[in-house]
Amino acid sequence: MNEETWEHYGKEDPYYGVITDEKFRNSNLNEELLDEFLESGNQYLKKIWIDIDKLNETDFFPQRSLDFGCGVGRITIPLALKSKEIVGVDISDTMLAEARKNSKIKGLTNLEFVKSDTELSKVNGDFDLIHTFIVIQHIPPKLGYLYFEQLLKRLRNGGIGVIHLTYKTEGSFLSNIYRDFPFIYSLRRMIKGGDKFLIPMYGYDLNKIFELLQLNSCHKCSVKFTYHDNKGLILTFKKEKMIFE
């Protein structure tokens, strides 16, 4: 998914671009639905934090956290309540602007939002927690592996990572053609007078993912399976130097 697509959703339907449920369309969104949307991030984080504390073997309070693909701040905002500092990263300027607005509404001051690039060049320092959810599966794997490696390099020794991705895509032949050749989808939708921007889904090679984890000293890995239109998983892991005899 390219920057143009994310900017489109950031301008036209930022909340629907995060959770593709019709009730979160701009035309339907009200204060009650906005609260429901943001609360879904809080509920997700409560479940994830149980796994994090178990892996850490004690209560976990990161000094610095990173939320990759933060969108409008659905998970970044509740993460800010569990971290001393947090950086939200996204490719869309309009999504980042919406995230800043939402964090101000919540009265939070320990957040920083920066724009993403392939090298994450605007992300300074390292982190006790790196997190991404419902993001990587929309990135072509060739680029996604680069992002994944950059995230792992920024994780401090003793830090925790939480990474969500899909490992198998189950789209129809036509949807896969649209994914791999998006100009065909855009042309078809333009002829029909519809939205030309496609949200693609990609599956990742778990051999490559686990190799990157091992090469970057990320161990104690736990897995939870997910299903967001395609089979996926949430990997929770700890970075620490280990010596095997």
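You'll find the structure just up there.
Throughout what follows, the structure given in this document is the object of discussion. Not measured: the values here are computed from a predicted model. (Residues numbered from 1 in each chain as written. Predicted model: local features only at pLDDT ≥ 70, side-chain atom pairs only at ≥ 80, totals over all residues. Heavy atoms only, no water.)

Notes on the overall build of the protein
Looking only at helices and strands, the protein has 9 helices and 7 strands in total. Of all intrachain contacts in the protein linking residues separated by at least 6 positions in sequence, the fraction that spans at least 24 positions is 68%. Of the roughly 12,500 Å² that the protein leaves accessible, carbon and sulfur atoms contribute 52%. (Helix = DSSP H or I, 4+ residues; strand = E, 2+ residues; numbered from the N terminus. Contact = heavy atoms within 4.5 Å. Areas by Shrake-Rupley, 256 points an atom, 1.4 Å probe, with all protein chains shown as cover.)

Here's the deal with helix H6 (residues 141-153)
Spanning 13 residues, H6 covers 18 Å between terminal C-alpha atoms, matching the ideal 18 Å at 1.5 Å per step. Burial in H6 covers these residues: Pro-141, Gly-144, Tyr-145, Tyr-147, Phe-148, Leu-151 and Leu-152. Across the axial projection of H6, the buried residues extend over an arc of 165°, all falling on one side. In this structure, H6 carries Lys-142 and Lys-153 as exposed residues pointing more than 90 degrees from its buried face. Contact partners of the buried residues in H6: strand E1 (64-68), strand E4 (127-132), strand E5 (155-168), helix H9 (206-215), strand E6 (218-227) and strand E7 (231-239). (Expected span 1.5 Å × (residues − 1). Buried < 20%, exposed > 50% of the residue type's maximum accessible area, 1.4 Å probe, protein only. Arc of directions from axis to C-beta.)

Focus on the environment of Phe-37
With respect to the helices and strands, the residue Phe-37 is situated in helix H3 (residues 31-56). Not counting residues up to four positions away in its chain, the partners in contact with Phe-37 are Tyr-15, Val-18, Ile-19, Phe-24, Val-72 and Arg-74.

As for a negative patch on the surface
Taken together, the side chains of Glu-31, Glu-32, Asp-35 and Glu-39 present a region of like negative charge at the surface. Along the polypeptide, Glu-31 turns up in helix H3. (Patch = residues over 30% accessible without salt bridge, like charges linked within 9 Å, V, L, I, M, F, W, Y side chains within 5 Å. Salt bridge = Lys/Arg side-chain N within 4 Å of Asp/Glu carboxyl O. Lys, Arg positive; Asp, Glu negative; His and termini not counted. Charge placed at Lys NZ, Arg CZ, Asp CG, Glu CD.)

A short note on the packing of H6 against H9
The interhelical angle for the contact between H6 and H9, taken along N-to-C directions, is 20°, at an axis separation of 10 Å. By the angle between their axes, H6 is roughly parallel relative to H9. The interaxial crossing formed by H6 with H9 has right-handed handedness. On the side of H6, the interface is formed by Tyr-145, Phe-148, Glu-149 and Leu-152, while H9 contributes Lys-208, Ile-209, Leu-212 and Leu-213. When its residues are assigned to classes, the contact of H6 with H9 shows 6 nonpolar, no polar and 2 charged. (Axes fitted to C-alpha atoms, helices over the stretch in contact; angles between N-to-C directions. Parallel < 35°, antiparallel > 145°, perpendicular 65-115°, else oblique. Left-handed = near helix turned anticlockwise from the far one by under 90°. Nonpolar A, V, L, I, M, F, W, Y, C, P; charged D, E, K, R; others polar.)

Points about the side chain of Asp-90
When you line up the elements, Asp-90 lands in strand E2 (residues 85-90). An unpaired buried charge is present at Asp-90: no salt bridge exists, and Lys-115, the closest side chain of opposite charge, is 8.9 Å distant. In this structure the side chain of Asp-90 is engaged in a polar contact, spanning 3.4 Å, whose partner is the backbone nitrogen of Cys-70. Here the side chain of Asp-90 touches Ser-92 through a polar contact of 3.0 Å, landing on its backbone nitrogen. (Polar contact = N/O pair within 3.5 Å; in protein donor to acceptor, adjacent residues only side chain to side chain.)

Re the sheet that holds E5
The 7 strands are arranged E3-E2-E1-E4-E5-E7-E6 in an open sheet whose pairing can be described as mixed. The open sheet terminates on both sides in strands that have one partner only, identified here as strand E3 (111-115) and E6. Sheet twist, expressed as the average angle between the axes of neighbouring strands with direction ignored, equals 15°. Sheet analysis places E1 next to E4, joined by 3 bridges and oriented parallel. When the sheet's bridge partners are listed, Leu-66 is paired in E4 with Ile-130. Where H9 meets the sheet, its contacts fall on E5, E6 and E7, and the angle it forms with E7 comes to roughly 10°. (Pairing = 2+ DSSP bridges.)

Examining the pattern of salt bridges
Counted under the stated rule, the structure contains 11 salt bridges. Across the pair Glu-240 and Lys-220 runs a salt bridge whose closest N-O atoms are separated by 4.0 Å. Pair noted here: Glu-240 is in the segment after E7 and Lys-220 is in strand E6, with a separation of 20 residues, a long-range link. Overall, the relative accessible area of 35% leaves Lys-220 in the partly exposed class. Linked through salt bridges whose partners overlap, the residues forming this network are Asp-13, Glu-22 and Arg-25.

Considerations on the pairing of E6
Note: E6 against E7, 8 bridges, orientation antiparallel. Within E7, the residue paired with Phe-225 across the bridge is Leu-233. Hairpin remark: E6 followed by E7, antiparallel, with 3 residues in the connecting loop; positive phi at Asp-229, about 70°.

A few points about unusual backbone geometry
Even without being glycine, Glu-57 reaches a positive phi, approximately 65°. By secondary structure assignment, the location of Glu-57 is in the loop between H3 and E1. Using a relative accessible area of 64% as the deciding quantity, one classes Glu-57 as exposed. You will see that Lys-220, though not glycine, has its phi angle at about 50°, which is positive.

By themselves these figures say nothing about function.
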